[in-house]
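Observations on the model geometry
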Amino acid sequence: MKDRLYLFYSSVLILYIINRFLSSASLDYVIGLLAIAMLVISFKQGSTLFKVLGGAFMASGSLMYVTAGLSIKGLPLFFTTNMQLLAFLMVLPWINSVVHVGKYDQHINGLMKEKVHHLGSLYSRSVLTTYILMTFLNLSAVNLSQSVLLKSMKNMSKAVRDNFISRATIRAFTMALIWSPMEIIVAITVDATGVSYLIYLPWLLGISFFILLVDSVIGRYRFKSIAYEPALESAHDVPIQKIIQEILKLLAALILFLTIVLSLSHLFQLNFILTVTLVIIPFSCLWAIIIKRWYLFKVFGFEVWKQQTNKTQNFVILFITLAFFTNSLNETTLLQYVQRPFVIFDHSPLMILILILATYFFMAMIGVHPVGTIAILLEVLAPLFHIFNPVAIGIVLIVGALATSSSSTFGVVLTLTSINTEQNPYRITLRNLPFTLLYGAIGIAVAMMII
């Protein structure tokens, strides 16, 4: 059963996507029942953290559902709201696969080792390399970069190596994702605020590039006194011209992808998340055909997709229980009390933005995924979209989520780094905390400029 979960998950999610166009109330109810079945099956295999989080959402959601006096008959419909997020996650492995079979990741990784003499130089190269790969590979880029650095820095002391890797790769992860159309927080914010992705893009790119420059300069200065001692010499170096070509190809592919997504979204009046979900697979297939990697892509891509879909239990638990919690919350007067701290400062946009960042940080420290936090924040902040510029609020919603992920002790990227480098996750949290605060402060400063 565990090895065939992908068949069940994908069948339910495909049915959900089809019903987005059919708008059948009966089918929507069936999908709700299937969502409950997905939750029950996933709960057995989920991690302890997500079980606790999902259990908390279910318990509090159930209490609110009963308090609101809602009929048990309508219960399944409360579980379907976030199905599009699961569908979005389900297709991401395909675009990761085409980047891998095209060997873009291998070529670009050569940028790390090109004329490196000290760790300061390696730091800026590592951040830039991970940043570029993050555009398409998401979390896989972190794993890939850390693997390369662990091998090449084998001769360095563990303390230096751990310090270096937990800064360079995690920070690059958060900087690259704030503008990526394939980052779920970005997609959620675009849909929730009703603001075009093209309006967000220049602001998010500006913040991302500025933070990238600042962190690269600081990292270079911090590590430049330490000589680089590579453990392995490359059998053959990748010419810098080849690396630049691969970067330009990825950039061209990203621009084409965004053009297709935005055009289809406007033409057929589809929301951003659904459009990206529908475009990823055909776009990846066409890309594989153009670079003459079709056979390898379909074999490798299917295997990666199957494995990753079989391991989405934690996200199934999170998204389905979160949908039930937020829908139940909307049926009660409790939402008004949750909104009160934000409404009190409706005359002070700075305090609202600081509260958003503080909420992300607090929730991250107790193990709540940013998707869970943003779902609650969007319910709370909805009335303020008519008072303040929603673009400004959206920017802080995105920046706050990604900034706190660099120091979230229970976050996926930090946990992965802790496992790969065999170091205490709390040590990584403390190391990246100043970066989180700086990142969030810059996001708030930019938001205040346009609010």
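From a predicted model like this one, the values you see are computed outputs, not experimental measurements.

Looking only at helices and strands, one finds 20 helices and zero strands in the protein. Radius of gyration (C-alpha) of the protein: 22 Å, near the 22 Å computed for a compact globule of 451 residues. If you line up the protein on its principal axes, its C-alpha atoms span 70 × 55 × 40 Å. Within the protein, the fraction of its 451 residues that count as buried is 55%. Nonlocal contacts in the protein, meaning residues at least 24 apart in sequence, comprise 80% of its contacts between residues at least 6 apart.

So, about the packing of aromatic side chains. Enumeration according to the criterion identifies 22 aromatic pairs in this entry. Here the aromatic residues Y6, W94, W294, F297, F302 and W305 are joined through ring pairs into a cluster of three or more.

Quick look at the pattern of salt bridges now. What the rule picks out here adds up to four salt bridges. Salt-bridge contacts for D215 lead to R171; the nearest nitrogen and oxygen are separated by 2.9 Å. Taken as a pair, D215 in helix 10 (residues 197-223) and R171 in helix 8 (residues 158-177) lie far apart in primary sequence, 44 residues in all. Considered together, D215 and R171 belong to a single accessibility category, that of buried residues. Here K249 and E246 are joined by a salt bridge, their closest N and O atoms 3.6 Å apart. Linking K249 with E246, this pair stays in helix 11 (residues 240-268), spanning three residues, or about one helical turn. Given the relative accessible area of 42%, K249 is considered partly exposed. On the accessibility criterion, E246 (2% relative accessible area) is buried.

So, about empty space enclosed by the protein. All chains considered together, the criterion is met by one cavity of 30 Å³ or more. If you add up the space inside the largest cavity, you get close to 80 Å³. Forming the walls of the largest cavity are Y9, L13, M38, L86, L89, M90, T309, T312, F315 and V316. Elements that contribute at least two residues to the lining of the largest cavity include exactly helix 1 (5-22), helix 4 (83-101) and helix 14 (313-330). Among the elements that make up the lining of the largest cavity, the one with the highest residue count is helix 4 (three residues). Classifying every residue of the lining of the largest cavity by side-chain character gives eight nonpolar, two polar and no charged.

With that settled, the discussion passes to helix 6 (residues 119-137). For helix 6, with 19 residues, the first-to-last C-alpha span of 25 Å sits near the 27 Å given by 1.5 Å per residue. With 17 of 19 residues buried, helix 6 lies mostly within the body of the structure. Where helix 6 ends, the next residue or the one after it, N138, has phi of about 50°, a positive value.

The next point concerns the packing of helix 2 (residues 25-45) against helix 14. Relative to each other, helix 2 and helix 14 sit at 135°, their axes nearing to 8 Å. As far as their axial angle goes, helix 14 and helix 2 are oblique. Note that helix 2 runs across helix 14; the crossing there is left-handed. Residues A35, M38, L39, S42, F43 and Q45 of helix 2 touch helix 14, and the partners they reach there are Q313, V316, I317, I320 and T321. Counted by class, the contact of helix 2 with helix 14 contains seven nonpolar, four polar and no charged residues.

The subject of this paragraph is the environment of L296. With respect to the secondary-structure elements, L296 resides in helix 13 (residues 294-310). Taking C-alpha positions, L296 is 43 Å from Y221, a pair spaced 75 residues apart along the chain.

On the surface, a cluster of nonpolar side chains totalling about 440 Å² of accessible area is made up of I240, I244, L248, L251 and I255. Tracing the backbone shows L251 in helix 11. Using a relative accessible area of 45% as the deciding quantity, one classes L251 as partly exposed.

Now for the nonpolar core. Ranked by size, the top nonpolar core spans 154 residues in total, and within it F164, W287, I356 and L381 carry the most contacts. Discounting chain neighbours no more than four positions away, the residues touching W287 are I95, V98, V99, Y104, F136, L250 and A253.

Right, let's get into the environment of F268. For F268, the location among the structural elements is in helix 11. Owing to a relative accessible area of 52%, F268 belongs among the exposed residues under this scheme. On a C-alpha basis, the gap between F268 and I199 in space is 19 Å, while along the polypeptide they are 69 residues apart.

Moving on, we get to the environment of Y6. One can find Y6 in helix 1. Considering only alpha carbons, one finds Y6 and G440, 434 residues apart in sequence, at a separation of 37 Å. In this structure Y6 touches F302, W305, K306, T309 and N310, once residues within four positions along its chain are discounted.

A few words on helix 8. An ideal rise of 1.5 Å per residue puts 28 Å on 20 residues; helix 8 measures up with 28 Å between its terminal C-alpha atoms. Across the 20 residues of helix 8, 17 count as buried, placing the element largely inside the fold.

Rules behind the numbers
- Residues numbered from 1 in each chain as written.
- Predicted model: local features only at pLDDT ≥ 70, side-chain atom pairs only at ≥ 80, totals over all residues.
- Heavy atoms only, no water.
- Helix = DSSP H or I, 4+ residues; strand = E, 2+ residues; numbered from the N terminus.
- Rg over C-alpha atoms; globule rule 2.2 N^0.38 Å.
- Buried < 20%, exposed > 50% of the residue type's maximum accessible area, 1.4 Å probe, protein only.
- Contact = heavy atoms within 4.5 Å.
- Phe/Tyr/Trp six-rings, centres within 6.5 Å; stacked < 30°, edge-to-face > 60°.
- Salt bridge = Lys/Arg side-chain N within 4 Å of Asp/Glu carboxyl O.
- 1 Å grid on protein atoms, 1.4 Å probe; cavity = no way out; pocket = protein on both sides within 12 Å on 5 of 7 lines; lining within 4 Å.
- Points joined across faces, edges and corners; volume = space filled by probe spheres on them.
- Nonpolar A, V, L, I, M, F, W, Y, C, P; charged D, E, K, R; others polar.
- Expected span 1.5 Å × (residues − 1).
- Axes fitted to C-alpha atoms, helices over the stretch in contact; angles between N-to-C directions.
- Parallel < 35°, antiparallel > 145°, perpendicular 65-115°, else oblique.
- Left-handed = near helix turned anticlockwise from the far one by under 90°.
- Patch = residues over 30% accessible without salt bridge, like charges linked within 9 Å, V, L, I, M, F, W, Y side chains within 5 Å.
- Areas by Shrake-Rupley, 256 points an atom, 1.4 Å probe, with all protein chains shown as cover.
- Core = buried A, V, L, I, M, F, W, Y, C linked by side-chain atoms within 4.5 Å.

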